[in-house]
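Structural description and commentary
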Amino acid sequence: MLGKRQSLDALADENWDLVVIGGGITGAGVLLEAARRGLRVLLLEQTDFAWGTSSRSSKMVHGGLRYIAQGDIRLTRHSLLERERLIDELPGLVERATYLFPLRKGVFPGRWPMKAILWLYDFLAGIRDHRYLSREQLLERVPGLNRQSLTGAMSYTDALTDDCRLVVRAILEAARHGGVAQNYCRVEQAMADGDKFAITVTDRTSGQTATLSSRRVVSATGAWADRFSGSDPRVRPLRGSHLFVDPERLPVKDCLTVMHPDDGRPVFVFPWEGVTCVGTTDLDHPQDMDIEAAASGQEVDYLLRLINSQFPDVKLDRKDIYATIAGVRPVIASGKGLDPSKERRDHAVWGENGIVTVSGGKLTTFRLIALDALLATGLIDSATHRRGQKSREPGFTPISDAPAAVDAFLHADQGDPDFIQWILDHEDVVHLDDLMLRRTRLGLLLPQAGKARLDALQQQIQQSLGWDDQRWQEERARYLDIHQRYYGVPASPLQQAAG
C-alpha cells in the first residue's frame, strides 16, 4: 500500500534507477511497468495523484470509433485490446457498458456506414456486440429522446471507469512490486550529473527541499510536458468540460452519443456513479496551467443546449447541475492549425538532455505508452518491449485486505465507513479535497459539494489523519473554496454581464 509519506531525506538516501515526474495515468503506468520489472523506481507528483487530466476525463475505456474514421486502425486495435484486458483484470472498476448512437433521417452517418464501422470495431476487439435498434426499441430505452427524424440507433459496447481510481489502483499495484509514489512533491529541476541525474525536489507539505539521484528520468507531466522537455513546445493543451446532473431530472440507462445542434460534434450523455454525466467540450486552453482548469459559463451553456435539444421535455438548467469538471488534454500538436476536435490523440515519446518526455495518448492505452517510455530510457531493450506489448500476463492482482468496494469501485457506496477508512489508512490523503474529489467522488456526485456527507464523516477523518478542530475547519474551508471556484456551476455570459 502507499502507507505513510516518507521524508525527502529518506528518499534521497536511495539510489534510484528511475524517477518518474507526474502522477497521472501515464506516470502511474510507467511506475507500474518499471516496478514490475524489478527496477528501483520513484514517482513524484507536485499536487495529488490524478489531480490533472486523469481525474477529469470522460471516464471511458474505449477504442475510439472516430479513430477508425480518421484511418488510424492501429491505434483503435491497440486501444480495443487494452480495453478488453482491463475489463477482464479489473471487474467493477472497468465495466463494459452499452452505447447507443441514435440515427436520424438525412443525418450522416446513416445506419449502413455505422454498421460497417461497428463491424470493424468489434472485429478488432475480438467480440461481437453491435446491433441495430428500431425507433420503437430506442424510445423504449430512452423515452425522453427527441423524436424528430429519428429512425433508430446502433448499439455497441465500450467501457466506463473511474479514471482517478484507476490511477490510484495502478500506483497501489506498483507498490506491491516495490515501486514508491509520493504526492505533493514538486520537482524543481533535473540536471544531468555524470551518468546520473541530480533531481531537486520540494515537499509541499513540509517545505523541505532535497536533491535525489537517479540513473534515468521520465517526465510524464501531461499538459505540463513542455516545461521539463528542454525541446521546442509540442503539446497543445485542449480543455474538455463535463456536467454532473441530478439523475432524477435526466435519467439515462445507457451511454448516448448525440450530435450537438450548433456544430455537429458528438457529445456523450451517460450514467456514472449514480448521476448523469454530460460531456465533453473541446477548446484550446491558453490559461495558466498551475491554476486548476474550470468549466466556463459558455461551456455550460453549450452542454445545456445539447441536452435540451436532445431531451426537449426536460428543460434542464443550472440548478439541476451538481458539479462540473474541466480537464486539460495533452494533445500532441500537428502544427497545422486544425480544429481541436480534429487533432490526433496519439502519444509521443522524445528525449532532450537525457530526460525522456512522454505525453499525449489515451487513458485506455496507458500500459503501452509506459512501455514505449521505458524503451526510450534504455532501461528495457527492444525484445523486452515487444514481449511486454504482446504479453497476456495479468497486470493487476486483487488487493486482499481491502474492502471489495476499493477494487470494484463503480456502483459502490462511496460514503461507506469501511471504504473511507481504508482510503484514509492506505492512500496518502493529505488534504480534504484529495478525499472528496479524487479518492472518492462525493464532491461531484452529491448536491452542495456533498457537505452533508462530509460533516457526517468529520470525526472519522479527524481521528484517522490526526487533525484537530482548527485543522478540520481550515481543510473544510479550503475544500469548499476549491469546489466553488473550479467544480461549481459558473453563470452564463449574459448573467455575468448583468452583474
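Described below are features of the structure shown in this document. As the structure is a computational prediction, the values presented were derived from the model and not from experiment. (Residues numbered from 1 in each chain as written. Predicted model: local features only at pLDDT ≥ 70, side-chain atom pairs only at ≥ 80, totals over all residues. Heavy atoms only, no water.)

Quick look at the overall build of the protein
Short version of the rule: The secondary structure listing takes helices from DSSP runs of H or I that are at least 4 residues long and strands from runs of E that are at least 2 residues long, numbered from the N terminus. Here the globule rule is a power law, 2.2 Å times the number of residues to the power 0.38, and the radius of gyration is based on C-alpha atoms. Partly exposed describes any residue whose relative accessible area lies between the buried limit of under 20% and the exposed limit of over 50%, with all areas from a 1.4 Å probe on protein chains only and scaled to the type maximum. What makes two residues a contact is simply this: any of their non-hydrogen atoms within 4.5 Å. Computed with a 1.4 Å probe, the accessible areas rest on the Shrake-Rupley method; for each residue, only the protein chains presented here act as cover. In this tally Asp and Glu are treated as negative and Lys and Arg as positive; neither His nor the chain ends contributes. Working definition for charges: the position is that of NZ of Lys, CZ of Arg, CG of Asp or CD of Glu.
Looking only at helices and strands, the protein features 19 helices and 18 strands. For a compact globule of 499 residues, the expected C-alpha radius of gyration is about 23 Å, and the protein comes in at 22 Å, within 12% of that figure. Here the protein, with 499 residues, has 59% of them falling under the buried criterion. For the protein, the proportion of contacts with a sequence separation of at least 24, taken over those separated by at least 6, is 72%. A total accessible area of about 20,400 Å² is found for the protein, and carbon and sulfur atoms account for 50% of it. A distance of 7 Å separates the average location of the 61 positive side-chain charges in the protein from that of its 66 negative side-chain charges.

Some words on the pairing of strand 8 (residues 185–193)
Using the following cut-off: Pairs of strands are assigned from DSSP output, requiring at least two bridges between the strands.
Both strand 8 and strand 9 (residues 196–203) contribute to a ladder of eight bridges, which runs antiparallel. Across the sheet, the residue bridging to A192 is F197, located in strand 9.

As for helix 18 (residues 469–487)
Think of an α-helix as 3.6 residues a turn; residues three or four steps apart then line up on the same face. Spelled out, the test is: By definition here, a helix of n residues has an expected span of 1.5 Å times n minus one. Regarding the arc, it is the one traced by the directions from the helix axis to the C-beta atoms. Between N or O atoms, a polar contact is any pair within 3.5 Å; within protein, one atom must be a potential hydrogen donor and the other a potential acceptor, and residues adjacent in sequence are included only when both atoms are from side chains.
Here helix 18 spans 26 Å end to end across 19 residues, near enough to the 27 Å set by a 1.5 Å rise per residue. Looking at helix 18, one finds that the buried residues are W472, E475, Y479, I482, H483, Y486 and Y487. What you see down the axis of helix 18 is that its buried residues fit within an arc of 100 degrees, all on one side. Those residues of helix 18 that are exposed and angled more than 90 degrees off the buried face are D469, Q470, Q484 and R485. Here the buried face of helix 18 lies against strand 16 (321–332), helix 14 (432–439), helix 15 (442–445), helix 16 (451–456) and helix 17 (458–465). By the N-cap criterion, in which a side-chain oxygen at the helix start approaches the backbone nitrogen of a residue two or three places on, helix 18 is capped by D468, the distance to Q470 being 3.2 Å.

Examining the pattern of salt bridges
Pairs can form between side chains of opposite charge once their charged atoms are near each other. Keep this limit in mind: Every case where a carboxyl oxygen of Asp or Glu lies within 4 Å of a side-chain nitrogen of Lys or Arg is listed as a salt bridge.
Under the criterion given, the structure shown has 36 salt bridges. In this structure, the salt-bridge partner of R37 is E33, at a minimum N-O distance of 2.8 Å. Owing to a relative accessible area of 3%, E33 belongs among the buried residues under this scheme. Taking the shortest distance from any N to any O, the salt bridge between R438 and D433 comes out at 2.9 Å. Taken as a pair, R438 and D433 share a single burial class, namely buried.

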